[in-house]
Amino acid sequence: MEEFLQQLTNGLAVGGIYALIALGYTMVYGVLKLINFAHGDLFTYGAYLGLTLLTSLALTDRVGFAVGVLVLVLMVMGLVAVLGAILERAAYRPLRESPRLSAVVSALGASIFLQNTLMLVYGAQIQVYPDGILPTATLDFFGLYLPLMRVLIVLASVAMMVALYLFIQKTRIGTAIRAAAIDQGAARLMGIDVNRVILLVFLLGPALGGAAGLMVGLYYGQVNFTMGWVYGMKAFTAAILGGIGNIPGAMVGGLLLGVIEALGAAYISIAWKDAIAFCVLILILIVRPTGLLGERVAEKI
Amino acid sequence: MNRATWLVSGLFVALLAVAPLFLNTYQVDVLNSIGLYALLALSLNLILGEAGLFNMGHAAFYAMGAYTAAILNTRYQIPILWTLPLSGLVAGLFALAVARPVVHLRGDYLLIVTIGVGEIVRIALVNDVFGITGGANGIFGISRPKLFGFVIRRPEEFFYLIWGFVALTIFLFLRLKQSRFGRALNYLREDEVAAEGSGINTDYYKLAAFGLGAAWAGMAGTLFAAKMTIISPESFSFWESVVLFMIVILGGAGSIPGVLLAAVLVVGLPELFREFASARMLVFGLVMMVMMVVRPQGLLPARGQRFSLATLMRETVR
């Protein structure tokens, strides 16, 4: 039971990270019907920028752990959001009227490009987050000892998801995003500036993805330049699992995939951990391509 | 083909045939890699270029062929070239089995699924599935190929084996392209609904393209295993699939000369600029992005087939 609960909470923490990345995929897909292959690499940028800022600014020494990490998260989110907007301008906007294949290839190219800029700047080896900055304390929940970092990650990812959900559902701008996702042409006729909506989506998604990257760095203590595509593929699986284009779906799918993967690794085989997500992906596309909550996607796939 | 095309192709063939006499071993080896990639890219071209099916797990089929050949050769001492048809068959059947349930998926979903299949195969190989793949170390001690009692060992000898196979492939694929089958694939790529409306069994042709392309990749895998004598899962990583995908898109989907040219550029150029080797993928990524804006149809796009009126008349009358 102890082991099961540990794995479950671990799965929830990883799942929260998947969900944050999946939101970026699903929002872009909702508005542009494009799989943003470079999203996983923006996530890696979050992890690397977080590492650089953490070590070079020594924020946690100056203002304490809580405030320091909060400032760090906001800085990383801001920087990666800007990067996302640049990506949209450079790689996707010129191709908006082109056939699908062109946009897909450009997205792949962007992904390869981003990944290799990181490799050339930081080197190909694994980068390690410094020890001693982060709390290693464990919390005691009625006899279940959980690392503080794990609890914080679950809480932070849920908080961000709730904030995004309220933003999309309750504000005027959120309504514009939903409208553009349903029908771009009609949204334009209703006076919505679709280009600005797309830009906004490319700011929000990468911001969340960047935060997720930072969380991975803090949780596992090490990052490498190719991790973006593994996490990206898994987050994309999560998005499909929940129903692509569906924002609550991405959240549910992410958490579910994280738990499935953690339990599968613990009880089936650790060596096949990475294959579990891909099997889930293939199964869901065969059995229910619209995803668990994806009734809104009427388009045949 | 008109006279100019014949002349240019003939010149190329003649140049290639005598190339090993003038090049050193390293250069011949580079040509061998180009040949293998050309072979793989031609097989992917059948799926991605002719039929328009986004397949980014081609390395999985390549791996299937290479491992089939290696296992048969090291365990059962079957001469490596004899395993060619069997590796092709295994890779082709595997492709049919995985493609069957997903082949109806729309473009980018198929892309994702094939990436997933490629990864599952790689992970299975690393985990030494059924205890026959040798895990992360792979399989070594694959014997040298023998042709009519002549053992092929040196790069110069492999050169003729590989490029001979490339020549055969080009000949067969050109014939296929001009056949009813090839036209059906092209129709499918351009407009699936219209193709179905004209009585083309879309699922059948899609699967046939997958099976044939994968079988060819499997045979290329056999040649690879024979050339390297050691194979391991890292030779069949996701990036291998990406490079092949890129060769087809860069050269021009559905264009055999384009694919050949792109194979030379993508595999050959990095050898010329070895000091920038680490920036290789960076440049590739950038080229992919720029190409899609500047020249999405590829370097040497496929031209529509031309029919002379006289031949058409004759065929209709008959």
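As a reminder, the structure under discussion sits directly above these lines.
Residues numbered from 1 in each chain as written. Chains lettered and ligands numbered in written order. Predicted model: local features only at pLDDT ≥ 70, side-chain atom pairs only at ≥ 80, totals over all residues.

**Some points on the overall build of chain B**
- Summing up its helical and strand segments, chain B has 13 helices and four strands in all.
- For 318 residues, the compact-globule formula gives about 20 Å, and the C-alpha radius of gyration of chain B, at 20 Å, lands near that figure.
- Over its C-alpha atoms, taken along the principal directions, chain B stretches across nearly 55 × 50 × 45 Å.
- The buried share of chain B, taken over its 318 residues, is 47%.
- Counting only contacts in chain B whose residues sit at least 6 apart along the sequence, the fraction spanning at least 24 positions is 80%. (Helix = DSSP H or I, 4+ residues; strand = E, 2+ residues; numbered from the N terminus. Rg over C-alpha atoms; globule rule 2.2 N^0.38 Å. Buried ≥ 20, exposed ≤ 12 C-beta atoms within 10 Å, placed from the backbone. Contact = placed C-beta atoms within 7 Å.)

**Some remarks on the overall build of chain A**
- Across its full length, chain A holds 12 helices and four strands.
- Summarising its shape, the C-alpha atoms of chain A cover approximately 55 × 45 × 40 Å along the three principal directions.
- The buried share of chain A, taken over its 301 residues, is 50%.
- Considering only intrachain contacts with a sequence separation of at least 6, the fraction spanning at least 24 residues in chain A is 77%.

**Considering the pairing of strand E3 (residues 144-147) of chain A**
Residues and elements named next belong to chain A.
- When strand E2 (residues 138-141) meets E3, the two strands line up antiparallel, connected through four bridges. Opposite Thr-138, over in E3, you have Pro-147 as the bridge partner.
- Connecting the antiparallel pair E2 and E3 is a turn made up of two residues, with Phe-142 showing a positive phi of about 50 degrees. (Pairing = 2+ DSSP bridges.)

**Observations regarding the nonpolar core**
- Core analysis: the largest hydrophobic core is formed by 206 residues, its most contacted members being Ala-211 of chain A together with Ala-41, Ile-247 and Ala-263 of chain B.
- The element best represented in this core is helix H1 (residues 2-32) of chain A, accounting for 16 residues.
- In contact with Ala-211 of chain A, other than residues within four places in its own chain, are Leu-20, Gly-46, Val-73, Val-76, Met-77 and Met-160 of chain A. (Core = buried A, V, L, I, M, F, W, Y, C linked by C-beta atoms within 7 Å.)

**So, the interface of chain B and chain A**
- Every contact between the two is made by 30 residues of chain B and, on the other side, 32 residues of chain A.
- Looking at the side of chain B that touches chain A element by element, the count peaks at 11 residues for helix H5 (residues 107-126) of chain B.
- Here the residues of the side of chain B that touches chain A are counted per class, giving 22 nonpolar, five polar and three charged. (Nonpolar A, V, L, I, M, F, W, Y, C, P; charged D, E, K, R; others polar.)

**Quick word on helix H3 (residues 58-76) of chain B**
Residues and elements named next belong to chain B.
- Helix length check: H3, at 19 residues, gives a terminal C-alpha distance of 27 Å against a target of 27 Å (1.5 Å per residue), a fit within 8%.
- By the criterion of burial, H3 is predominantly enclosed, with 16 of the 19 residues buried.
- The positive-phi residue at the C-terminal boundary of H3 is Gln-77, with phi of around 55 degrees. (Expected span 1.5 Å × (residues − 1).)

**Quick notes on the packing of helix H4 (residues 65-92) of chain A against helix H5 (residues 100-122) of chain A**
Residues and elements named next belong to chain A.
- Contact geometry for H4 and H5: axes closest at 10 Å, N-to-C directions at 130 degrees. Classified by the angle their axes make, H4 and H5 are oblique. Helix-helix and strand crossings are classified by hand; for H4 and H5 the assignment is right-handed. Of H5, the residues touching H4 (which contributes Leu-87, Ala-91 and Tyr-92) are Ala-103, Ser-106, Ala-107 and Ala-110. (Axes fitted to C-alpha atoms, helices over the stretch in contact; angles between N-to-C directions. Parallel < 35°, antiparallel > 145°, perpendicular 65-115°, else oblique. Left-handed = near helix turned anticlockwise from the far one by under 90°.)

**Description of the packing of H4 of chain A against helix H9 (residues 194-220) of chain A**
Residue and element names in this part refer to chain A.
- The N-to-C vectors of H4 and H9 enclose an angle of 135 degrees; their axes lie 7 Å apart at closest approach. Judged by the angle between their axes, H4 and H9 are oblique. Two packed elements cross with a definite hand, and for H4 against H9 that hand is right-handed. Only Ile-198, Leu-199, Phe-202, Leu-203, Gly-205, Pro-206, Ala-207, Gly-209, Gly-210, Ala-211 and Leu-214 of H9 make contact with H4, whose side of the interface consists of Leu-72, Val-73, Val-76, Met-77, Leu-79, Val-80, Ala-81, Leu-83, Gly-84, Ala-85, Leu-87 and Glu-88.

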